[in-house]
Amino acid sequence: MTDPSPRRLRSQDWFDNPDHADMTALYLERFMNYGTTPEELRSGRPIIGIAQSGSDLNPCNRHHLDLAKRVRDGIRDAGGIAIEFPSHPLFENCKRPTAALDRNLAYLGLVELLYGYPFDGVVLTTGCDKTTPSAIMAAATVDIPAIVLSGGPMLDGWHEGRLVGSGTVIWQSRRKFAAGEITREEFLQTALDSAPSIGHCNTMGTASTMNAIAEALGMSLTGCAAIPAAYRERGQVAYRTGLRAVELVREDLRPSKILTRAAFLNAIRVNSAIGGSTNAQPHLMAMARHAGAELHPEDWQTHGYDVPLLANVQPAGAYLGERFHRAGGVPAVMWELLQAGLLDGTCPTVTGTSMATNLDGREATDREVIRPFDAPMMQRAGFLVLRGNLFDFAIMKTSVISEEFRARYLSEPGREGVFEGTAFVFDGSTDYHARINDPALEIDERSILVIRGAGPLGWPGSAEVVNMQPPDRLIQRGITSLPTIGDGRQSGTADSPSILNASPESAAGGGLAWLRTGDRIRIDLNAGRCDMLVEPDEIASRMKEGIPAVPASATPWQEIYRATVTQLVEGATIEGAEKFVRISGTLPRHNH
C-alpha cells in the first residue's frame, strides 16, 4: 500500500518545523530582507542550491554567472526555489603553487555548505579541471540529489589558418621556440589565439576530460559535457538541468544510487576512448573513495588499457571541442563502447533512465572525429600501470605515444616495449629550468629525465611538471621528446607519454628519493615495470642520507594539507575523510 503522505523535505526542518517555532522564525526572517516571502520558503517546494564556481578569478567558469539565470528559470518552472551561493574558486592556469592544493579545500567547503544549509538538492556548476571532481566528491559525501552542469569548452582556436588547441599549442610552441623556429612574440600569440571565447580548454585536457567523465558517470544530462560554452545549446541545457534538479528531489535520486563501481569502470573506459587526461586517475579515485565505491589502482589497466582510441581530438588527435560536439560528443563515443559490449548500460543516471536508454540513437555523425570501434585511431589506448623499485604505482598514457617516440625508444628488435637509459634527476621544476640546458649534464637521446619533489607532499599539492622537454640543443637536432618520469602530474593537454603520478612520491620516501643522476633505469612496458638498476645495498646506503628536502609550507592550509593528504594512487584525498559517506541521512544540530 502506497503511503499517501508526501515525503518531508530536508529544507522543511529549517523553514517549517512544527516542533521549533523559534528556530523556524530564526531561519526564515533573514531571508526576507531581500524580498523572499515566507510563503515561498514554507511551501514545501524543493530548495535547490546552485553551487556557483564562476567568478572573475576563474575565467574558464565565469559564464556560469550568466548560465545560473537559466538554471534558476528551470528550477522555478519545475516548482522549486533556487538559492545560489559561491564555491571556492579553482583556476588551473593561475593558482600557485598549484590548483591541486585547493581541490580538497573546495571539497571541504562545499561539504559544509551542502550539509549545513537547507538544501534539498544542488546543481554543481563545473568546467575548469578541479571544479568537477571537487564538486562530485562533496555531493557524494553529503548525498543529496545532485546534477552536474558543465560550462563547456571554448570555441576552436585558429592561428594562421590552422587549429591551435589550448594548452597543447603551448607545449608544441615551446619546442619550436627552443629550436629557434619562432620568436617569443610568435610563441605568445599562438597561445593567445588558442583561447578565442568563454569556456574551458577546447582540447581533451583535464577540463574536457573531467566533464566527460561526469557525463560517463551518469551525473549530468546526456550530451551536456561537450557543448561549447558560447553555443546557444549551453543555455538550453542549463535550463533543462534546473528542471531536472527539482525532479531529482521529488524522485529522491541521489549520488549514492548513481556513483557505483560499474559507473566508475564505465568512466575509466570512456577516458581511454576519448584520449583523456592522466589527471583523471587521481580524481576518479578521489570521487570513488568519497562515494564509497570500490575502485582499485589496477582497474585502470584491467578495464581501461584494451579500449581503443575513438576521439580524434588534441592532444591525442587532430581536432578540437567544436567539431567533437558536432560529431556527437561524449554520447557518440559511449554509444560505440556500448555496441562493443564495453559499457554497462544498466547504470542509473540523473536523467532517471539507464545509460543505455540515454545513448539510444546517439551514433556519431562525423566519422573523421569519432571513429567506429572497429576502425579506431589506436588499439589498446588506455593507461599502463607500472611498478618497480622506483614506485609502487605510476601510469603512462599510451594514446599520445608518437610514431617517432615508439621508433626511437620502444622498437629495438627483440626488445620491443623495453628501454634502458641514463637518469638525469631534477629536484622540482626550478632545478629543471635552471639546469636542463647545462652542457655539463651531457643529456642525449638515450637519457631519461626524472623530476621529483612534485607530489602532494613535496610541492605541496602535486604539480603538472613531469612533461619536461629535452635540452634546446637536442630539439634543434629534431629530438622533440625524451622519456620522462616523475612523482607529479602533467597537464591533460600535454602530448608527452610520461610516466607520472608516481606513488609513493619522493617526499614520502618513495624510490625516486634514492635515485641519482647517472643511474641506469629500465622501463619494460610489457612487464609493467620501471626500475633503477642499482644494487639493493647501494639503495639502502642512500636511504641513510634522508629524503631530499622540499620547500616549507607557506600558508596554514599548506601545512594542514600536508598533514592530511594521501598519495596520488589513492586520489590525494584527505586521510580519513572517506568514512563520512551519505551524511545527509542525519540532519545537523540546530544552531541556537
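Residues numbered from 1 in each chain as written. Predicted model: local features only at pLDDT ≥ 70, side-chain atom pairs only at ≥ 80, totals over all residues. Heavy atoms only, no water.

A. Geometry of the overall build of the chain. Assigned secondary structure in the chain consists of 22 helices and 14 strands. Expected size for 592 residues packed as a compact globule is a radius of gyration near 25 Å; at 24 Å, the chain falls within 12% of this value. Counting every position in the chain, which comprises 592 residues, the buried fraction comes to 60%. Across the chain, every contact between residues at least 6 apart in sequence was considered, and the portion connecting residues at least 24 apart equals 77%. Counting only carbon and sulfur atoms, one obtains 52% of the accessible surface of the chain, whose full area is about 22700 Å². Counting 57 positive and 70 negative side-chain charges, the chain places the centres of these two groups 2 Å from one another. (Helix = DSSP H or I, 4+ residues; strand = E, 2+ residues; numbered from the N terminus. Rg over C-alpha atoms; globule rule 2.2 N^0.38 Å. Buried < 20%, exposed > 50% of the residue type's maximum accessible area, 1.4 Å probe, protein only. Contact = heavy atoms within 4.5 Å. Areas by Shrake-Rupley, 256 points an atom, 1.4 Å probe, with all protein chains shown as cover. Lys, Arg positive; Asp, Glu negative; His and termini not counted. Charge placed at Lys NZ, Arg CZ, Asp CG, Glu CD.)

B. Representation of the packing of aromatic side chains in the model. Counted according to the given criterion, the structure contains nine aromatic pairs. Judged by centre distance (6.5 Å) and plane angle (55°), the ring pair of tryptophan 14 and tyrosine 27 falls under tilted. Within this pair, whereas tryptophan 14 is found in helix α1 (residues 12–15), its partner tyrosine 27 is found in helix α2 (residues 21–29), the two being separated by 13 residues in sequence. Both residues of the pair, tryptophan 14 and tyrosine 27, count as buried. Plain terms: the ring middles of phenylalanine 405 and tyrosine 409 are 4.9 Å apart, the flat faces sit at 55° to each other, and that makes the pair tilted. (Phe/Tyr/Trp six-rings, centres within 6.5 Å; stacked < 30°, edge-to-face > 60°.)

C. Examining the pairing of strand β13 (residues 520–524) more closely. Pairing of strand β9 (residues 418–427) with β13 involves five bridges; the strand directions are antiparallel. Note on β13: the bridge partner recorded for valine 418 is aspartate 524. Examined bridge by bridge, β13 and strand β14 (residues 529–532) share four bridges and lie antiparallel to one another. Within β14, the position partnered with isoleucine 521 by the bridge is methionine 532. (Pairing = 2+ DSSP bridges.)

D. Just the pairing of strand β7 (residues 383–386), in detail. Side chains of β7 alternate between two faces, with Phe383 and Val385 and Leu384 and Leu386 buried alike. Where β7 lies against strand β8 (residues 393–397), four bridges are found, and the strand directions are antiparallel. Note that in β8 the partner of leucine 386 across the bridge is alanine 394. Hairpin connection between β7 and β8: a loop of six residues separates the two successive antiparallel strands.

E. The arrangement of helix α13 (residues 280–291) in detail. Taking 1.5 Å per residue as the helical rise, α13 with its 12 residues ought to reach 16 Å, and the 16 Å between its terminal C-alpha atoms agrees with that figure. The buried count for α13 comes to 12 of 12 residues, which makes it a mostly enclosed element. Taken as a whole, α13 has its buried residues at Ala280, Gln281, Pro282, His283, Leu284, Met285, Ala286, Met287, Ala288, Arg289, His290 and Ala291. Immediately downstream of α13, the backbone of glycine 292 shows phi near 75°, a positive value. (Expected span 1.5 Å × (residues − 1).)

F. Structural detail: the pattern of salt bridges. In this structure the tally under the stated criterion is 35 salt bridges. For glutamate 404, the salt bridge is made with arginine 408, and the minimal N-O distance between the two is 3.2 Å. Taken together, the residues span about one helical turn, with glutamate 404 and arginine 408 both in helix α18 (residues 403–409) at a distance of four residues. In this structure glutamate 404 comes out as partly exposed when scored by relative accessible area, which is 32%. Between arginine 522 and glutamate 420 there is a salt bridge, with the nearest N and O atoms lying 2.7 Å from each other. One end of the pair, arginine 522, is in strand β13; the other, glutamate 420, is in strand β9, with 102 residues separating them in the sequence. The exposure class assigned to glutamate 420 is buried, which follows from its relative accessible area of 19%. When salt bridges with common partners are traced through the structure, they connect Glu412, Arg415, Glu420, Arg520 and Arg522 into a single cluster. (Salt bridge = Lys/Arg side-chain N within 4 Å of Asp/Glu carboxyl O.)

G. Quick peek at the layout of surface pockets. In this structure, the largest pocket encloses a volume near 1300 Å³. Lining the largest pocket we find 48 residues, and of these Asn93, Ile170, Trp171, Glu464 and Ser491 sit closest to its centre. The set of elements that each furnish at least two residues to the lining of the largest pocket consists of α7 (168–178), α8 (184–193), α9 (206–217) and α19 (428–435). Across the lining of the largest pocket, the residue classes tally to 24 nonpolar, 17 polar and seven charged. (1 Å grid on protein atoms, 1.4 Å probe; cavity = no way out; pocket = protein on both sides within 12 Å on 5 of 7 lines; lining within 4 Å. Points joined across faces, edges and corners; volume = space filled by probe spheres on them. Nonpolar A, V, L, I, M, F, W, Y, C, P; charged D, E, K, R; others polar.)

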